[in-house]
Structure formats: C-alpha cells, structure tokens
Amino acid sequence: MADKAYFVLVNLTAMSFYLCNNPLEVLPEGISAYIYGYDKPRFFGVVKRLGQGVPTSDIAYEGVTVMFYYQRPDEDKAGYYLLFASDNIDDTDPFELTRVLQEAVRWYVSLSGAALTVEEFDILKGYSQELPDFQVFEDSKTGECLLNFALGAHAFKSFTDAQAFMHKDLGIDRELVYCALPAVNMED
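Residues numbered from 1 in each chain as written. Predicted model: local features only at pLDDT ≥ 70, side-chain atom pairs only at ≥ 80, totals over all residues. Heavy atoms only, no water.

Caption draft 1: A look at the overall build of the protein chain. Summing up its helical and strand segments, the protein chain has three helices and twelve strands in all. Across the 188 residues of the protein chain, 46% fall into the buried class. Excluding contacts between residues fewer than 6 apart, the proportion of contacts in the protein chain whose partners are at least 24 apart in sequence is 53%. (Helix = DSSP H or I, 4+ residues; strand = E, 2+ residues; numbered from the N terminus. Buried < 20%, exposed > 50% of the residue type's maximum accessible area, 1.4 Å probe, protein only. Contact = heavy atoms within 4.5 Å.)

Caption draft 2: Highlighting helix H1 (residues 94-110). The end-to-end C-alpha distance of H1, which contains 17 residues, comes to 24 Å, matching closely the 24 Å that a straight helix rising 1.5 Å per residue would cover. Those residues of H1 lying buried are Leu97, Thr98, Val100, Leu101, Ala104, Val105, Trp107, Tyr108 and Val109. Of the residues flanking the start of H1, the one acting as N-cap is aspartate 93, its side-chain oxygen 3.1 Å from the backbone nitrogen of phenylalanine 95. (Expected span 1.5 Å × (residues − 1). Polar contact = N/O pair within 3.5 Å; in protein donor to acceptor, adjacent residues only side chain to side chain.)

Caption draft 3: Here's a closer look at the layout of surface pockets. Here the largest pocket defines a volume of roughly 210 Å³. Thr98, Gln102, Pro132, Asp133 and Gln135 are the residues nearest the centre of the largest pocket, which is lined by 16 residues in total. Among the elements of the structure, strand S6 (65-70), H1 and strand S10 (145-149) are those that each provide at least two residues to the lining of the largest pocket. Top contributing element to the lining of the largest pocket by residue count: H1, with three residues. For the lining of the largest pocket, the residue count by class is eight nonpolar, six polar and two charged. (1 Å grid on protein atoms, 1.4 Å probe; cavity = no way out; pocket = protein on both sides within 12 Å on 5 of 7 lines; lining within 4 Å. Points joined across faces, edges and corners; volume = space filled by probe spheres on them. Nonpolar A, V, L, I, M, F, W, Y, C, P; charged D, E, K, R; others polar.)

In structure tokens form, the structure reads like this:
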C-alpha cells in the first residue's frame, strides 16, 4: 500500500486545471502545489515559494515559468512564487504556454479563499519596458537573484551576475541591460 500514489484532484471552478497534491504525503519544503492543465495545451506544473526549501542560488530551470506575488490566508505575509511547467505535454509554443500558466496562476490564487481577489496578487513586472518578458527576483537576505525569462529561470549569486548573463550569454544589448532602470522584485 505504501508504494502506491494517491492524488486529490480539485477543480472548484470552470477552469481547465486540477490541483494534484497527494494527501498522504507532506509536500517537499518550498513546494506549495502541483497543478495539471488538462485542456490543450496540457501541462503539469509545480508551484514553488521562493526563499523556502532550496536556496534561490540553486534554482536552474529550462522551460516555461511564471513568477508571481501573493499572500496565502494561512501565512503571515505575502511571498514570491514560481510556477514552472515540469512537463509541456503537447510541446506547446513557449509564449502560448506562458499565457496558459498565467491563467493557472490566477486560478490557483482564487482557490485560496473567498476573500482573496485577483487584484490581491501580481504577476511580477518585467525587467524594463524594453524587456518585458524578463523578471528579476532578489532575495534581500542573501542578495541572491533569480532571473526569469521566456525559456527558463536561472539563479545567480548577485544582480550584477544576472545582468552579465543577460548581456554576455543571451546577447542582449548592453544599453538595454545596464542603462535601463530595472524592476527588481525584492522579498523583505
């Protein structure tokens, strides 16, 4: 019996998502939920609270991700979260899957309780007006930085390291990386 997996599938709205958490197990530290999108484009996703469990500097994910900020009713303060598609089942275009993941974030947040409205959370701002598809999260306690962009989320020891990666590895013009006033989302 212990080697079998049991899942609770919860769909409280007309949306095309299920919450897939095993009620017989405690979720790994830092993981808040597992989400399955069952309408095309189908995906299996993981919601991770940033700053819990794995250090920010250890996050390296290749694939479609969305970062968001909200406060769960059972927590004292709001936090930053990352929803990443651990399985893009239909090999959907990353930009289309990003749109669907944003819908899944809204659905997930709406499950938190009747008092929580969509306005009480935020999908993180883009790096700049010129680079709206890049998001930066900086852990104010450690200075570690998570850069989220169309095809992944990568951690760095500092914001300066993230900027160097954007310029050198991704080939983004120096002026766009260093001269912009970036929107850096910081955890207090």
